[in-house]
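One-letter residues, chain by chain:
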Amino acid sequence: MVNRILIRIKVVQMLYSYLLTRSEFKIDTAPETTSKDKKYAYAVYLDLLFLTLQLSGIRFKRHNGSQSPTIIVDQIVAKNRVGKALFDNDTVKAIILRGGAAVEGFDAILQQLADEIEKSSAYKDYKKIKTPTLADDVRFWLTVINTIVAKDEAFIDLLRSDEAFTIAGFNAGVKQFSATLTSYQDSKMTYVNAGKELKISLDKAYELYYSMFVLMMEITREQAMRLDNAKTKYLATHEDLNPNTRFVDNRFIARLEQNEELKEYLDEHPVTWADDPSLIKSLLDSILASKLYADYMSASDNDYEADCEFWRSVMRQIVLPSDDLAEALETKSIYWNDDVPIMGTFVLKTIKQFAAGADAEVKFLPQYKDGEDEEFGPDLFRYAVENRETYRSYIDRFINSSQWDPERLAFMDIVVMIAAIAELINYPAIPVPVTMNEYIEIANNYSTSRSGQFINGILFSVVRYLNEEGIIAKN
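Residues numbered from 1 in each chain as written. Predicted model: local features only at pLDDT ≥ 70, side-chain atom pairs only at ≥ 80, totals over all residues. Heavy atoms only, no water.

Considerations on the overall build of the protein chain
- A count of helices and strands for the protein chain gives 23 helices and 0 strands.
- Since a compact globule built from 475 residues should have a radius of gyration of about 23 Å, the 31 Å found for the protein chain marks it as more spread out than a globular shape.
- Across its three principal axes, the protein chain shows a C-alpha extent of roughly 105 × 50 × 45 Å.
- By the burial criterion, 48% of the 475 residues in the protein chain qualify as buried.
- On the protein chain, roughly 24,000 Å² of surface is accessible, and the fraction owed to carbon and sulfur atoms is 50%.
- Each charge class in the protein chain can be summarised by its mean position, and for the 54 positive and 71 negative side chains these summaries are 4 Å apart. (Helix = DSSP H or I, 4+ residues; strand = E, 2+ residues; numbered from the N terminus. Rg over C-alpha atoms; globule rule 2.2 N^0.38 Å. Buried < 20%, exposed > 50% of the residue type's maximum accessible area, 1.4 Å probe, protein only. Areas by Shrake-Rupley, 256 points an atom, 1.4 Å probe, with all protein chains shown as cover. Lys, Arg positive; Asp, Glu negative; His and termini not counted. Charge placed at Lys NZ, Arg CZ, Asp CG, Glu CD.)

See the structure below:
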């Protein structure tokens, strides 16, 4: 019931937020100081950074044109994500190009250090972990740097050969690099939190679906209370004492009140509009003033189906389009305003199912159609994040630089296209036109007035390229 249209919107929103705020590493820059210890600490910091790259099995071209040496690195260590994440960092790449560390001086001890790592208890403990998390990966390298590399006599002897060596600078450099590794762990929490936020957002959308049925019941109770209060007025009229109770006796609402499935959901997810009485009164006033209400109260056909159809019309024409509802939803949940159009259609669909018969068994729509839909959002988000650089390269390949400056493109456009490419590549069963149309619509609603046309042209070229390269096989 939380369909893929809404899931795509949520993924794009979370991807936008994540990519806008993420920071893989806090790479330190050279200190602006004359302090000997601080300058030397930064030199040690760079040495440890590049040693970590090489001990992870990563080879790179140095500023003098030479290639870093080949060493035998255990495959479990090589799979650790920290080394690759360091190497992918733009600041680190810039340091490599300008020769910011004397990595050549440590070539002779690299294999020795790699062997020590493989024999260490840190390695044995890490090897036992069946599926290491990012926190496990970082913890492993923190232990390796602090208990193996920084304690290695050959490594320390090489550092001591530098006339700038100081004990204080050495210790500070080790601490500085440890802080960079920890910053990676911290930044990865942003990714984890974004994934959690995606789930919360989808759960809240489903809560909105149930909230609309609670809202109908609250509006009915408000009218029942008004009728009761009118009877106790000092100068109650005949109409006050003998009101038309068709609205408050609506059989569809009565059936909602007795619905066990609704009760069970509300027991686990308490939903109430009691904290917003002004909304209830405003919506009720709008209903009472409407032609819908007048026609309903005076109609000769008085059956269960008519009761259902009345509320279906009220929700479609009065409640869901209400500005007061939109304002109230904004204060209740940061997610809900975007969810109303889609969740509203499912509310209307459910009322129509209730109208099938007073005795017919009616179940509320499940949160997801099936397990595949439930996994669609988290998986799509993960594909987009993990492959964002590759997908961005596909986009850049087809940007006409004479018309569009890649650095000045609307960031939302880039995010939408990354999500679209993630879907194109990883979901072969979804037709290309479906993917294209959905993300163009998202761009039209959430980005600029030119976005839809621009994204359509880029994605069309990307699809053709992916097919030519054999990356996908669909049109």
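That was the structure; now back to the text.
Considering the packing of helix α15 (residues 291-298) against helix α16 (residues 304-319)
- Packing of α15 against α16 brings their axes to within 10 Å, and their N-to-C directions diverge by 170 degrees. Classified by the angle their axes make, α15 and α16 are roughly antiparallel. Across from Leu292, Tyr293 and Tyr296 in α15, the residues of α16 making contact are Ala306, Asp307, Phe310, Ser313, Val314, Gln317 and Ile318.
- In the contact of α15 with α16, the residues fall into 7 nonpolar, 2 polar and 1 charged. (Axes fitted to C-alpha atoms, helices over the stretch in contact; angles between N-to-C directions. Parallel < 35°, antiparallel > 145°, perpendicular 65-115°, else oblique. Contact = heavy atoms within 4.5 Å. Nonpolar A, V, L, I, M, F, W, Y, C, P; charged D, E, K, R; others polar.)

Comments concerning the packing of aromatic side chains
- Per the counting criterion, the structure on display carries 34 aromatic pairs.
- Residues Tyr206 and Tyr265 carry aromatic rings whose centres are separated by 5.8 Å and whose planes lie at 90 degrees to one another, so their mutual orientation is edge-to-face. Here the residue Tyr206 occupies a position in helix α10 (residues 167-231), and Tyr265 occupies one in helix α13 (residues 260-268), the gap between them amounting to 59 residues. There is no split in this pair, since Tyr206 and Tyr265 are both buried.
- Look at Phe247 and Trp311: their rings are 5.8 Å apart centre to centre, the planes differ by 45 degrees, and that puts the pair in the tilted class. Highlighted residues: Phe247 in the loop between α11 (238-241) and α12 (251-258) and Trp311 in helix α16, separated in sequence by 64 residues.
- Residue classification places Trp311 among the buried residues on the basis of a relative accessible area of 0%.
- Ring pairs connect the aromatic residues Tyr206, Tyr209, Tyr210, Phe213, Phe252, Tyr265, Phe354 and Phe364, which therefore count as one cluster.
- If you follow Arg382 out to its NZ or CZ, it ends over the ring of Tyr383, 4.9 Å from the centre. (Phe/Tyr/Trp six-rings, centres within 6.5 Å; stacked < 30°, edge-to-face > 60°. Lys NZ or Arg CZ within 6 Å of the ring centre and 35° of its normal.)

So, the environment of Glu372
- Structurally, the position occupied by Glu372 is in helix α19 (residues 371-386).
- Within the structure, Glu372 has its side chain in polar contact with the side chain of Arg4 (distance 3.3 Å). (Polar contact = N/O pair within 3.5 Å; in protein donor to acceptor, adjacent residues only side chain to side chain.)

A word on α16
- With 16 residues, α16 ought to run about 22 Å at 1.5 Å a step, and its terminal C-alpha atoms sit 21 Å apart, in line with that.
- Taken together, the buried positions of α16 are Tyr304, Ala306, Asp307, Cys308, Phe310, Trp311, Ser313, Val314, Met315, Ile318 and Val319. (Expected span 1.5 Å × (residues − 1).)

Describing a negative patch on the surface
- On the surface, Asp323, Asp324, Glu327 and Glu330 cluster together into a negatively charged patch.
- As for its position among the elements, Asp323 is in helix α17 (residues 323-332).
- The exposed category is assigned to Asp323, whose relative accessible area is 66%. (Patch = residues over 30% accessible without salt bridge, like charges linked within 9 Å, V, L, I, M, F, W, Y side chains within 5 Å. Salt bridge = Lys/Arg side-chain N within 4 Å of Asp/Glu carboxyl O.)

Some thoughts on the pattern of salt bridges
- What the rule picks out here adds up to 19 salt bridges.
- One salt bridge in this structure joins Asp203 and Lys199, with 2.8 Å as the shortest N-O distance. Note that Asp203 and Lys199 are positioned in helix α10 at a spacing of 4 residues, about one turn of the helix.
- In this structure, the salt-bridge partner of Arg221 is Glu257, at a minimum N-O distance of 2.9 Å. Here Arg221 is found in helix α10, whereas its partner Glu257 is found in helix α12, with 36 residues between them in sequence.
- Assessed through its relative accessible area of 38%, Arg221 is described here as partly exposed.

A look at the environment of Phe454
- Within the element layout of this structure, Phe454 appears in helix α23 (residues 451-468).
- On the basis of relative accessibility, which here comes to 7%, the residue Phe454 falls in the buried class.

Some remarks on the packing of helix α2 (residues 36-55) against helix α8 (residues 134-149)
- The N-to-C vectors of α2 and α8 enclose an angle of 110 degrees; their axes lie 12 Å apart at closest approach. Classed by the angle they form, the pair α2 and α8 counts as roughly perpendicular. As α2 runs across α8, the sense of the crossing is right-handed. On the side of α2, the interface is formed by Leu48, Leu51, Thr52 and Leu55, while α8 contributes Trp141, Ile145 and Val149.
- When grouped by side-chain class, the residues that make up the contact of α2 with α8 number 6 nonpolar, 1 polar and no charged. (Left-handed = near helix turned anticlockwise from the far one by under 90°.)

Focus: the environment of Thr237
- For Thr237, the location among the structural elements is in the loop between α10 and α11.
- Note on Thr237: relative accessible area 39%, which makes it partly exposed.
- The sequence separation of Thr237 and Val214 amounts to 23 residues, and the corresponding C-alpha distance is 32 Å.

Here's the deal with the nonpolar core
- Counting 108 residues, the largest nonpolar core has Tyr209, Phe252, Trp311, Met315 and Phe381 as its most contacted members.
- Looking at this core element by element, the count peaks at 16 residues for α10.
- Sequence-distant contacts of Met315, defined by excluding residues within four places in its chain, comprise Met212, Met216, Leu320, Pro321, Val347, Leu348 and Ile351.
- Counting residues in hydrophobic clusters, the runner-up holds 50 residues, among them Tyr40, Leu113, Ala114 and Phe140. (Core = buried A, V, L, I, M, F, W, Y, C linked by side-chain atoms within 4.5 Å.)

Digging into the side chain of Lys204
- In this fold, Lys204 is placed in helix α10.
- Separated by 3.0 Å, the side chains of Lys204 and Glu207 make a polar contact.
- When sequence neighbours within four positions are dropped, the list of residues in contact with Lys204 reads Ser333, Tyr335 and Trp336.

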